[in-house]
Amino acid sequence: MARRKKVYEGKGKVLYEGPEPGTFVQYFKDDATAFNAEKHDVIEGKGVLNNRLSEFFMSGLNAIGVPTHFIKRINMREQLIRQVEIIPLEVVVRNVAAGSFSKRLGIDEGEPLPRPIVEFYYKDDALGDPLVTEEHILAFGWAGQQDLDDMVALALRVNDFLSGALLGVGIRLIDFKIEIGRIWEGDYMRLVVADEISPDSCRLWDIKTGKRLDKDVFRRDLGDLADAYTEVARRLGVLPQTSAPLGKPTLIN
Ligand code: UDP
């Protein structure tokens, strides 16, 4: 059988050419990185959990009419997605102060924000993904004014959906990052949520205890990352309630 063509390999995922034109296969690796890849580890089972969780969030968004690149999950580690032109911005939505926001503005972690705040970071590893303003984005042509308005609206809809879904299982959505891509349909272009939505790209705190259930567990050495992600998956009903800890070999396909 011919080997399929690798299109791109990032820190946590690999993209392969898909079975149809306009599609890719997205493969989730077990690699965990933080601080611009200065910290690296392999967390057995993480890719399987993120594939499942991203499927859960993206298919939920599709179902309520928020367009995403997600088509279907293929197996434990792979999903079929639509090929998009990624806008070189990370779109962060914050409900509660944490991480770089707390540091930059001197606001304690856990302080609720008066309203959700949307920020843009320019995707450039060499520069450490700097925070940029709409002025920068427009001046350098990374996106137009209409795109910016649409990206903010899309990000806020994602925030409402994720906040509600997580609140229902006792988890507080502190903040998250999404990437957005363009899909061309003839002369028309639309923006869709791309990349992944998983505990790697969100801050998730248990509502009662404040326990971290996201990548901060890895960034700050707070415990076992796979345990935390398994907990999120289990609460959302993405894993069978009875599966063994870490959801490793017992994960259902
Ligand atoms: N985030 C991400 N990828 C990045 C940077 C941030 O997924 O390259 C997510 C991060 O997990 C958090 C949110 O975006 O949910 C805001 O991150 P922050 O700016 O506070 O940066 P950090 O403190 O993680 O460096």
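Here, every reference points to the structure presented above.
Everything in this summary refers to the structure shown in the same document. A quick note: this is a predicted structure, and the numbers were derived from the prediction, not measured.

**Comments concerning the packing of aromatic side chains**
Counted under the stated rule, the structure contains three aromatic pairs. Between the aromatic rings of phenylalanine 56 and phenylalanine 57, the centroid separation amounts to 5.5 Å while the plane-to-plane angle is 75 degrees, which identifies the pairing as edge-to-face. A relative accessible area of 2% means that phenylalanine 57 is categorised as buried. Ring centres of tyrosine 122 and tryptophan 142 lie 3.9 Å apart, and the angle between their planes is 15 degrees; this geometry places the pair in the stacked category. A residue pair is termed long-range when its members are at least 10 positions apart, and tyrosine 122 in strand S10 (residues 112-122) and tryptophan 142 in the loop between helix H3 (134-139) and helix H4 (145-167) qualify at 20 residues. Take tyrosine 122 and tryptophan 142: they sit in the same class, and that class is buried. Taken together, the ring pairs connect Tyr122, Phe140 and Trp142 into an aromatic cluster. A cation over a ring is seen here: lysine 39 above phenylalanine 218, with NZ or CZ 4.9 Å from the ring centre.

**Considering the packing of helix H1 (residues 46-63) against H4**
Relative placement of two packed helices is described by the angle separating their axes and the distance separating the axes. For the pair H1 and H4, interaxial distance at closest approach is 11 Å and the crossing angle is 120 degrees. One finds that H1 runs oblique with respect to H4. Note on packing geometry: the crossing formed by H1 with H4 is right-handed. Contacts between H1 and H4 involve Phe57, Gly60 and Leu61 from the first element and Val158, Phe161, Leu162 and Leu166 from the second. In terms of residue class, the contact of H1 with H4 is built from six nonpolar, one polar and no charged.

**Section: the sheet that holds strand S1 (residues 6-9)**
One open sheet holds the five strands; their spatial order is S1-S2-S3-S7-S6, and the pairing between them is antiparallel. Single-partner strands in this sheet number two, and they are S1 and strand S6 (70-73). Across the sheet, the axes of successive neighbouring strands diverge by a mean angle of 25 degrees, strand direction being ignored. The pairing of S1 with strand S2 (residues 13-17) spans three bridges and is classified as antiparallel. Residue glutamate 9 lies in a different strand from S2, and its bridge partner there is valine 14. Here H1 sits on the sheet in contact with strand S3 (23-28), S6 and strand S7 (78-82), set at roughly 135 degrees to S6.

**Topic: H4**
In a regular helix each residue adds 1.5 Å, so 23 residues correspond to 33 Å; H4 covers 33 Å between its end C-alpha atoms and thus fits that length. By the burial criterion, the buried members of H4 are Asp147, Leu148, Met151, Leu154, Ala155, Val158, Asn159, Phe161, Leu162 and Leu166.

So, how was this worked out
Residues numbered from 1 in each chain as written. Predicted model: local features only at pLDDT ≥ 70, side-chain atom pairs only at ≥ 80, totals over all residues. Heavy atoms only, no water. Phe/Tyr/Trp six-rings, centres within 6.5 Å; stacked < 30°, edge-to-face > 60°. Buried < 20%, exposed > 50% of the residue type's maximum accessible area, 1.4 Å probe, protein only. Helix = DSSP H or I, 4+ residues; strand = E, 2+ residues; numbered from the N terminus. Lys NZ or Arg CZ within 6 Å of the ring centre and 35° of its normal. Axes fitted to C-alpha atoms, helices over the stretch in contact; angles between N-to-C directions. Parallel < 35°, antiparallel > 145°, perpendicular 65-115°, else oblique. Left-handed = near helix turned anticlockwise from the far one by under 90°. Contact = heavy atoms within 4.5 Å. Nonpolar A, V, L, I, M, F, W, Y, C, P; charged D, E, K, R; others polar. Pairing = 2+ DSSP bridges. Expected span 1.5 Å × (residues − 1).

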